[in-house]
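# Structural overview for review
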Amino acid sequence: MTLLNTFDLTYPIVQAPMAGATTPELAATVSNFGGLGSLGGGTTAPTVLNEHINTLKSLTDRPFMINLMVLSEHDSTTLDNEIPAWLDEYYEKNNIDMALPKRPALNFSEQLQVLYDNPVPVASFTFGITSAEQVQGLKDLGTRVIGTANHPLEAKAWADIGVDAVCIQGSEAGGHRGGWLPQSASDPLGLLTLISQTRACTDIPLIAAGGIMTGQAIKAVQTAGAELAQIGTAFLTTDTCAINDTYKQALLDASLGKRSSETRLTRLFSGKQARGLLNDYLRDFGQFESAHELPPYPQLNAMTKNLRAHAKNNLDAEHQSLWAGQGVALVREESTLELLERLVKDL
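Let me begin by describing the structure that accompanies this report.

What counts as what
- Residues numbered from 1 in each chain as written.
- Predicted model: local features only at pLDDT ≥ 70, side-chain atom pairs only at ≥ 80, totals over all residues.
- Heavy atoms only, no water.
- Pairing = 2+ DSSP bridges.
- Helix = DSSP H or I, 4+ residues; strand = E, 2+ residues; numbered from the N terminus.
- Buried < 20%, exposed > 50% of the residue type's maximum accessible area, 1.4 Å probe, protein only.
- Right-handed = clockwise from strand over helix to strand, strands pointing away.
- Axes fitted to C-alpha atoms, helices over the stretch in contact; angles between N-to-C directions.
- Parallel < 35°, antiparallel > 145°, perpendicular 65-115°, else oblique.
- Left-handed = near helix turned anticlockwise from the far one by under 90°.
- Contact = heavy atoms within 4.5 Å.
- Nonpolar A, V, L, I, M, F, W, Y, C, P; charged D, E, K, R; others polar.
- Expected span 1.5 Å × (residues − 1).
- Arc of directions from axis to C-beta.

## A short note on the sheet that holds strand β11 (residues 274–277)
- Reading across from one edge, β7-β11-β10 is the order of the 3 strands in this open sheet, with antiparallel pairing throughout. Edge positions in the sheet fall to β7 (175–176) and β10 (263–266), since each of these pairs with one other strand and no more.
- Inspection of the sheet shows β10 paired to β11 by 4 bridges, in the antiparallel sense. Bridging across to β11, R264 finds its partner in G276.

## Details of the pairing of strand β8 (residues 206–209)
- Burial along β8 is two-sided: L206 and A208 and I207 and A209, pointing in opposite directions, are all buried.
- Alignment of strand β6 (residues 165–169) against β8, held across 4 bridges, turns out to be parallel. By the bridge assignment, V166 is partnered in β8 with L206.
- Taken together, the 3 bridges between β8 and strand β9 (residues 228–231) define a ladder with parallel strand orientation. Within β9, the position partnered with A209 by the bridge is Q230.
- At this point the chain moves from β8, through helix α11 (residues 215–224), to the parallel β9, and the crossover so formed is right-handed.

## Some details on the packing of helix α5 (residues 85–93) against helix α16 (residues 305–313)
- Relative orientation of the contacting elements α5 and α16 amounts to 40°, with a least axis distance of 11 Å. One element, α5, and the other, α16, form an angle in the oblique class. In terms of crossing hand, the pair formed by α5 and α16 is left-handed. On the side of α5, the interface is formed by L87, Y90 and Y91, while α16 contributes K305, N306 and L307.
- Considering only residue class, the contact of α5 with α16 consists of 4 nonpolar, 1 polar and 1 charged.

## Observations regarding the sheet that holds β8
- Taken in spatial order, the 8 strands line up as β1-β9-β8-β6-β5-β4-β3-β2 in an open sheet, and their pairing is parallel. Because the sheet does not close on itself, it has two edges, and the strands there are β1 (13–15) and β2 (37–40). Neighbouring strand axes in the sheet, compared pairwise and without regard to direction, differ in orientation by 25° on average.
- Bridge count between strand β4 (residues 122–126) and strand β5 (residues 144–149): 3 bridges; the pairing is parallel. Paired with V122 across the two strands is R144, which belongs to β5.
- Contacts from helix α10 (residues 191–199) reach β5, β6 and β8, with the element oriented near 165° to β8.

## Quick word on the environment of V344
- Mapped onto the fold, V344 is located in helix α17 (residues 336–346).
- By relative accessible area, which is 22% here, V344 ends up partly exposed.
- Considering only alpha carbons, one finds V344 and P152, 192 residues apart in sequence, at a separation of 29 Å.
- Dropping the residues within four chain positions of it, V344 is found in contact with Y11, I13 and F33.

## Let's talk about helix α3 (residues 46–59)
- Given a rise of 1.5 Å per residue, 14 residues ought to cover 20 Å, and the 20 Å separating the end C-alpha atoms of α3 matches this to within 8%.
- Of all the residues in α3, the buried ones are L49, I53 and L56. End-on, the buried residues of α3 take up no more than an arc of 60°, which puts them together on one face. With respect to the buried face of α3, the exposed residues turned more than 90 degrees away are T47 and S58.
- As for α3, its buried residues are in contact with α2 (24–33), β2, β3 (64–69) and α6 (108–117).

Structure below.
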């Protein structure tokens, strides 16, 4: 059985579950079109997540996906790292409130419970791996389960605990990398290499992600061995996406040659590798990228939260995390439906 049948899709298109950028309206538009719409729920409180699921169920009777970030109890509740001196100095120099949140991230177990209490067609996971029991618990409710991997060994680990598919995320992909093994960060693999190496160690069905912006690119990853293509950056500049106008304009400017379309993998915003447009924040503090004392995710993410919020409120693209993949030069200002129709026409 192919993934098109497994997920009851018309087209091999998965809209990436970009936390903070996706909306129920975006996901429903993709699902109603015949792809797999997704909502990134990793930064959403359980009560709000439940509301979003209900909204999605009211907007579409097609399959949709909810994505969660797998974090330990300690990671989500404890701020046990000191704020780096360079970041502390930036807050003081720019008179930004440095007050840290009581906890660096939401509780994964509480979010997962929402998916048990209010079952969804598809659940996917990133930043870590769940247990086989958690996967089976979702399957018992009729939920299909997808893992995220940046390395063949991570894909095999997901396959071994019984997921239905694995989304393999090449180094070209925008936003946070979903892997957790040291190998996935030390030597990031390009998408085509990742597909071929993963195919050599597991026969789990694959969803390819990373730099996919066109129908031709979808066909290319299918030829390489993936069944579906997950697309993120292309959706960021469409009408149902939730990113702020300054962020969206920076992406469009990159496509129009008004600013550089260079992207970079960095840990400077969150403590976890993520790809985004190069801006002043990354230029000014790039020297600290390899510092051993750089706090991990979600510690640093919590520490830069007020910096990013200040930049957003001041329409400052140079100090926001402008997550985008290497295909950012191909973004367009268009409706979500127009993008989907263009992708299918190319197919």
